[in-house]
Amino acid sequence: DTFWQTVRSRTGISIMFANITNALQQFTGYFPAALKVNGRYLRSALASYVTSPTQAAEQVAELSPFMADRMQNQMIEIQEMMNNLVLNPSKFNKVQKWASHHGYFLQSAFQNMVDTVTWMGAYNQALAELGADVSDQQAVREATQRADAAVRTTQSSLAAEDIAAFEVGTPFYRTFIQFSGYFNTMANLNADEYIKVFRDMGWRGNKGKLAMIYVLGFMMPMILSDAIVRTLGGQWDDEDDDGYLDEFMEWFFGSQIRGGVAMIPGFGPGVAAVMNAFNDKPYDDRMATSPAVSALEGATVGVVKAGMNIVDDTKEVTGKNVRDVLTLLSLVTGIPLTVLGRPIGYEMEVQRGKITPTDTADYVRGLVTGKASEASKP
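Draft legend 1. Fine view of the overall build of the protein. The helix and strand tally for the protein stands at 19 helices and 0 strands. Split into buried and exposed, the 378 residues of the protein put 40% on the buried side. A separation threshold of at least 6 residues defines the contact pool for the protein, and within that pool the share at least 24 residues apart is 66%.

Draft legend 2. Looking closely at the pattern of salt bridges. Within this structure, the stated rule accounts for 14 salt bridges. Close ionic contact of glutamate 193 with lysine 196 constitutes a salt bridge, the shortest N to O distance being 3.1 Å. Of this pair, glutamate 193 and lysine 196 both sit in helix α12 (residues 181-200), separated by 3 residues, roughly a single helical turn. The class of glutamate 193 is buried, set by a relative accessible area of 4%. Several salt bridges share partner residues, and in doing so they unite Asp226, Arg230, Glu250 and Arg258 into one network.

Draft legend 3. Examining the packing of aromatic side chains more closely. Throughout the structure, instances matching the rule amount to 14 aromatic pairs. Considering the side-chain rings of tryptophan 119 and tyrosine 123, the 5.0 Å spacing of their centres and the 15° angle between planes classify their relative orientation as stacked. With tryptophan 119 and tyrosine 123 both in helix α9 (residues 105-130) and 4 residues apart, the pair spans about one turn of that helix. Classification of tryptophan 119 as buried rests on a relative accessible area of 1%. Ring plane angle 35° and centroid distance 6.2 Å describe the contact between tyrosine 214 and phenylalanine 218, whose orientation is recorded as tilted. Taken together, the residues span about one helical turn, with tyrosine 214 and phenylalanine 218 both in helix α13 (residues 207-233) at a distance of 4 residues. A relative accessible area of 13% means that phenylalanine 218 is categorised as buried. The rings of Trp236, Phe248, Trp251, Phe252 and Phe253 are connected pair by pair, giving a single aromatic cluster.

Draft legend 4. Looking closely at the nonpolar core. Among the nonpolar cores identified, the biggest contains 28 residues, and Val60, Met67, Val117, Trp119, Met120 and Tyr123 are the most heavily contacted of them. Looking at this core, the elements with two or more residues in it are α3 (30-33), α4 (39-51), α5 (53-63), α6 (65-72), α9 and α10 (137-155). When sequence neighbours within four positions are dropped, the list of residues in contact with tyrosine 123 reads Leu63, Val134, Val140, Ala143, Thr144 and Ala147. Trp4, Ala292, Leu296 and Ala299 belong to the second-largest nonpolar core, a separate cluster that totals 7 residues.

Draft legend 5. Up close: α13. Here α13 spans 37 Å end to end across 27 residues, near enough to the 39 Å set by a 1.5 Å rise per residue. The sharpest bend along α13 measures roughly 40° and falls at methionine 219, with the proline proline 221 sitting one to four residues further on. Downstream of α13 by one or two residues, glycine 234 has phi in the positive range, about 65°.

Draft legend 6. Seen up close, the packing of helix α16 (residues 291-311) against helix α17 (residues 319-333). Where α16 meets α17, the axes come as close as 8 Å, and the angle between the chain directions of the two elements is 130°. Here α16 is positioned oblique relative to α17, judged by the angle of their axes. As α16 runs across α17, the sense of the crossing is left-handed. Each of Ala295, Leu296, Gly298, Ala299, Gly302, Val303, Lys305, Ala306 and Asn309 in α16 lies in contact with α17, whose residues at this interface are Asn321, Asp324, Val325, Thr327, Leu328 and Leu331.

Draft legend 7. Region of the structure containing the side chain of arginine 70. Following the sequence through the fold, arginine 70 ends up in helix α6. Among the polar contacts made by the side chain of arginine 70, one reaches the main-chain carbonyl oxygen of serine 156 at a distance of 2.8 Å. In this structure arginine 70 touches Asn112, Asp115, Val151, Gln155, Ser156 and Ser157, once residues within four positions along its chain are discounted.

Draft legend 8. Molecular detail of the packing of α9 against α10. Their axes nearest at 8 Å, the elements α9 and α10 cross at an angle of 140°. Our classification of the angle between α9 and α10 gives oblique. The two elements α9 and α10 cross, and the hand of that crossing is right-handed. On the side of α9, the interface is formed by Gln111, Val114, Asp115, Thr118, Trp119, Ala122, Tyr123, Ala126, Leu127, Glu129 and Leu130, while α10 contributes Ala139, Val140, Glu142, Ala143, Thr144, Arg146, Ala147, Asp148, Ala150, Val151, Thr154 and Gln155. Partitioning the contact of α9 with α10 into residue classes produces 13 nonpolar, 5 polar and 5 charged.

Draft legend 9. Molecular detail of a nonpolar patch on the surface. Together, Leu245, Phe248, Met249, Phe253 and Ile257 make up an exposed nonpolar region whose accessible area comes to about 490 Å². Turning to its location among the elements, phenylalanine 248 is positioned in helix α14 (residues 245-262). Look at phenylalanine 248 and you get partly exposed, because its relative accessible area is 40%.

Draft legend 10. How the structure looks around the environment of threonine 118. Mapping threonine 118 onto the fold places it in helix α9. Residue threonine 118 is classed as buried on the basis of its relative accessible area of 0%. The spacing of threonine 118 and glycine 29 is 89 residues in sequence and 9.0 Å in space, taken between C-alpha atoms. Each residue touching threonine 118, except ones within four places of it in the same chain, is listed here: Ala33, Val37, Leu42, Ala150, Val151, Thr154 and Gln155. Within the structure, the side chain of threonine 118 is placed 2.8 Å from the backbone oxygen of valine 114, a separation counted as a polar contact.

Definitions and cut-offs
- Residues numbered from 1 in each chain as written.
- Predicted model: local features only at pLDDT ≥ 70, side-chain atom pairs only at ≥ 80, totals over all residues.
- Heavy atoms only, no water.
- Helix = DSSP H or I, 4+ residues; strand = E, 2+ residues; numbered from the N terminus.
- Buried < 20%, exposed > 50% of the residue type's maximum accessible area, 1.4 Å probe, protein only.
- Contact = heavy atoms within 4.5 Å.
- Salt bridge = Lys/Arg side-chain N within 4 Å of Asp/Glu carboxyl O.
- Phe/Tyr/Trp six-rings, centres within 6.5 Å; stacked < 30°, edge-to-face > 60°.
- Core = buried A, V, L, I, M, F, W, Y, C linked by side-chain atoms within 4.5 Å.
- Expected span 1.5 Å × (residues − 1).
- Bend = angle between axes of the 7 residues up to and from the residue.
- Axes fitted to C-alpha atoms, helices over the stretch in contact; angles between N-to-C directions.
- Parallel < 35°, antiparallel > 145°, perpendicular 65-115°, else oblique.
- Left-handed = near helix turned anticlockwise from the far one by under 90°.
- Polar contact = N/O pair within 3.5 Å; in protein donor to acceptor, adjacent residues only side chain to side chain.
- Nonpolar A, V, L, I, M, F, W, Y, C, P; charged D, E, K, R; others polar.
- Patch = residues over 30% accessible without salt bridge, like charges linked within 9 Å, V, L, I, M, F, W, Y side chains within 5 Å.
- Areas by Shrake-Rupley, 256 points an atom, 1.4 Å probe, with all protein chains shown as cover.

By themselves, these observations are geometric and do not establish any function.
Below, the structure written as structure tokens:
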């Protein structure tokens, strides 16, 4: 159990550390939030947050213990780290502890903004609906509870009482469902919104409402998340020179299909593998069980292949070899050295002539993300 728990934790840190692509995807949380909070309250809350982010976060934390814990629960971990530092541990242990506590710093910074704006919008909307102001303590408590619920149901929650039944299990089992919580939250949110419409209002005369649930609760988060990945990965090029219609269709519909499949608890990876078998990309035909298992594969089989390339004068050391070695070091040490694999691995492929950046911007983008644009590949 300890082994799998450690692998899962360190894999997550390695993937998410300084991952600007995933951090930007946090902003798509505004769309499901709009299912619970009227747009004008969200816009007003966003304006207040942008004007004074620190003050806004402090006010929210003061009103809501739930949000205070959500935004500031790292304070306990920081105190623990300070206690360890007093005991003068080795420099390595300091770095390891820092990486463990701050591996998701980019995601936390972006998500905290979305959480705070969502909470403020829901709180102000609730007070308006109740016809009360901040002097009415009962109304404030009710508004606080509604705002907490809006954040919890649209942005997910890591609290033990909020995880789904299928997510409960041994560390070995949880290794195979890593990062599934977001999609489970989206599935529950959309199902609940549709059920409310059908149960309380009926579908006749409410087709616009149903369409809005689909657009805000599913379509926009999926296509914009995919657009962020494609943009930062340089994946918008027309490879077959037959026009961009097929690229557009694959982006618009493919992103939603993949998102829908990911919402299937436990069976999503298997269904995705079957679907991938029919495309022209042989590398994704395997049933990718989890990021942790993929990391273990790179740290074992990948490192062996890297060693063979190093000792064999007839072979070249590739960027993937470097990334696999750094993955092994990350799993062993707990320090997210994989972040170095992105620029180093990319630069090695450039030096080998396997990647030819189209311009300076494409080169910088490749160093940051570690991904070669389609136009830069021969």
